Amino acid sequence: MKVALFATCLVDTMTPSVAHATAALLQRLGHEVVVPPTQACCGQMHVNTGYRREAVSIVANHVRAFAGAEAIVSPSGSCVASIHHQQADVARRAGDETLARDAEELAGRTHELSQFLVDVLGVTDVGAYYPHRVTYHPTCHSLRLLKVGDRPLRLLREVRGLELVELPGAEQCCGFGGTFAVKNADTSTAMLTDKMANVLSTHAEICTAGDASCLMHIGGGLSRLRAGTRTVHLAEILASTEEAVTPHQTTKPAVTA
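Cut-offs applied
- In this convention, every chain numbers its residues from 1, walking through the sequence in written order.
- Predicted model: local features are reported for residues with pLDDT of at least 70 only, side-chain atom pairs are reported and counted for 80 or more only, and whole-chain, interface and lining totals are derived from all residues.
- Here the side-chain values reflect all heavy atoms present in the structure, with hydrogen atoms and water set aside.
- Angles here are taken between N-to-C directions and fall from 0 to 180 degrees, while the axes themselves are lines fitted to C-alpha atoms, restricted in helices to the stretch in contact.
- Going along the chain from the N terminus, every DSSP run of H or I of four or more residues is numbered as a helix, and every run of E of two or more is numbered as a strand.
- For classification purposes, an angle smaller than 35 degrees is called roughly parallel, one larger than 145 roughly antiparallel, one from 65 to 115 roughly perpendicular, and anything else oblique.
- In this scheme, a crossing is called left-handed if the near helix is turned counterclockwise away from the far one by less than a right angle; it is called right-handed if the turn is clockwise.
- What makes two residues a contact is simply this: any of their non-hydrogen atoms within 4.5 Å.
- Amino acids are sorted into nonpolar (Ala, Val, Leu, Ile, Met, Phe, Trp, Tyr, Cys and Pro), charged (Asp, Glu, Lys and Arg) and polar (every other residue, Gly among them).
- Strand pairing is assigned whenever DSSP identifies at least 2 bridges connecting the two strands.
- Three labels apply to residues, based on accessible area from a 1.4 Å probe with only protein chains included: buried if under 20% of the type maximum, exposed if over 50%, partly exposed otherwise in between.
- The convention is simple: Lys and Arg are positive, Asp and Glu are negative, and His and the chain ends are not counted.
- Each reported salt bridge corresponds to a side-chain nitrogen of Lys or Arg within 4 Å of a carboxyl oxygen of Asp or Glu.
- Here a polar contact means two N or O atoms within 3.5 Å. Within protein one must be a hydrogen donor candidate and the other an acceptor candidate, and residues neighboring in sequence count only if both atoms are side-chain atoms.

**Student:** Help me out: how do you make sense of the packing of helix 4 (residues 52-66) against helix 7 (residues 97-107) in this one?
**Tutor:** Packed helices, taken two at a time, are described by the angle their axes make and the gap between the axes. Between helix 4 and helix 7, the shortest axis-to-axis distance is 10 Å and the interhelical angle comes to 50 degrees. The orientation of helix 4 with respect to helix 7, classified from their angle, is oblique. The interaxial crossing formed by helix 4 with helix 7 has left-handed handedness. Across the interface between the two elements, Val56, Val59, Ala60, His62, Val63 and Phe66 from helix 4 touch Leu99, Asp102, Ala103 and Leu106 from helix 7. Here the contact of helix 4 with helix 7 is built from residues that sort into eight nonpolar, one polar and one charged.

This is the structure:
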């Protein structure tokens, strides 16, 4: 299958290794990965902060960038949720019914990574090796909007060498919420404190999730505590193999535009 990778602006800017890992994983499973060069933001941060009119052109760019793609995959539950639940609504509210229909059609071909692996490809064992004690945080958008359910856990259970431990209070928000963490810093910090306490109670070496944004928030807090527990994106774990130099790193794959 020819798969278009939607890297997301946050991954591209802050954690490009997540995009590299996603591409490497899909290629290892026998699929061709392309990266549309005109992709940019999906518009989520604009919509969530009230700039719906300004988001219309962003939605239009996204639809153009991925037009004709057989399947679009992204390592971000949050951004895929925006594509599924916001883009068509933004266009429709602006009176652009054609764009709304195109956005809806595109959303039907857009998948969060774990959903694509389990539901579309029908695999849970992706040939990964990751000899670490790991706990999983289900991010809010993936849990509540995309309904990814236990798909990430099913994938993690098949990783050789990985010890998966349950996270207490797993469904509680980590407190990031995009600009929420900036506008409501005290509340966000209190929520993060609870999340970190639960993560540390597992004695896991790694906290993983399907969103780089939440991992950035949790990882920042853990690094300040110098607790020794770090965050690694689900894609990086699934892309890891026994031949990798270090378990959480992958070689940048060759992709075509």
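Structure's up, so let's keep going.
**Student:** How do you make sense of the sheet that holds strand 8 (residues 230-233) when you look at a structure like this?
**Tutor:** Hydrogen bonds along the backbone pair up the strands of a sheet, which may run parallel or antiparallel. One open sheet accounts for four strands, arranged 6-5-7-8; its pairing is parallel. Every other strand in the sheet has two partners, leaving strand 6 (163-165) and strand 8 as the edge strands with one partner each. Pairs of neighbouring strands in the sheet enclose a mean axial angle of 35 degrees, with direction left out of account. Strand direction decides the pairing type here: strand 7 (residues 206-209) and strand 8, joined by four bridges, are parallel. Within the sheet, the bridge partner assigned to Cys207 lies in strand 8 and is Thr231.

**Student:** Got a minute to help me understand the side chain of Asp211 in this structure?
**Tutor:** Among the structural elements, Asp211 can be located in the loop between strand 7 and helix 13 (212-225). Although Asp211 is buried, it makes no salt bridge; Arg144 carries the closest opposite charge, 10 Å away. Polar contacts involving the side chain of Asp211 include one to the side chain of Thr139, which spans 2.7 Å. Once residues lying within four places of it in the same chain are set aside, the contact partners of Asp211 are Ser76, Gly77, Ser78, Thr139, Ser142 and His233.

**Student:** I tried to follow the pattern of salt bridges on my own but got confused; where do I start?
**Tutor:** Side chains bearing opposite charge may pair, as long as their charged atoms lie close to each other. Here the structure, examined in full by the defined rule, presents nine salt bridges. For Asp89, the salt bridge is made with Arg52, and the minimal N-O distance between the two is 3.0 Å. Of this pair, Asp89 sits in helix 6 (residues 87-93) while Arg52 sits in helix 4; the two residues are 37 residues apart in sequence, bridging distant segments of the chain. Classification of Arg52 by relative accessible area gives partly exposed; the value is 31%. With a closest N to O distance of 3.3 Å, Arg160 and Glu242 form a salt bridge. Taken together, the residues Arg160 in the loop between helix 10 (151-157) and strand 6 and Glu242 in the segment after helix 14 (234-239) connect sequence positions 82 residues apart. Several salt bridges share partner residues, and in doing so they unite Arg52, Asp89 and Arg93 into one network.

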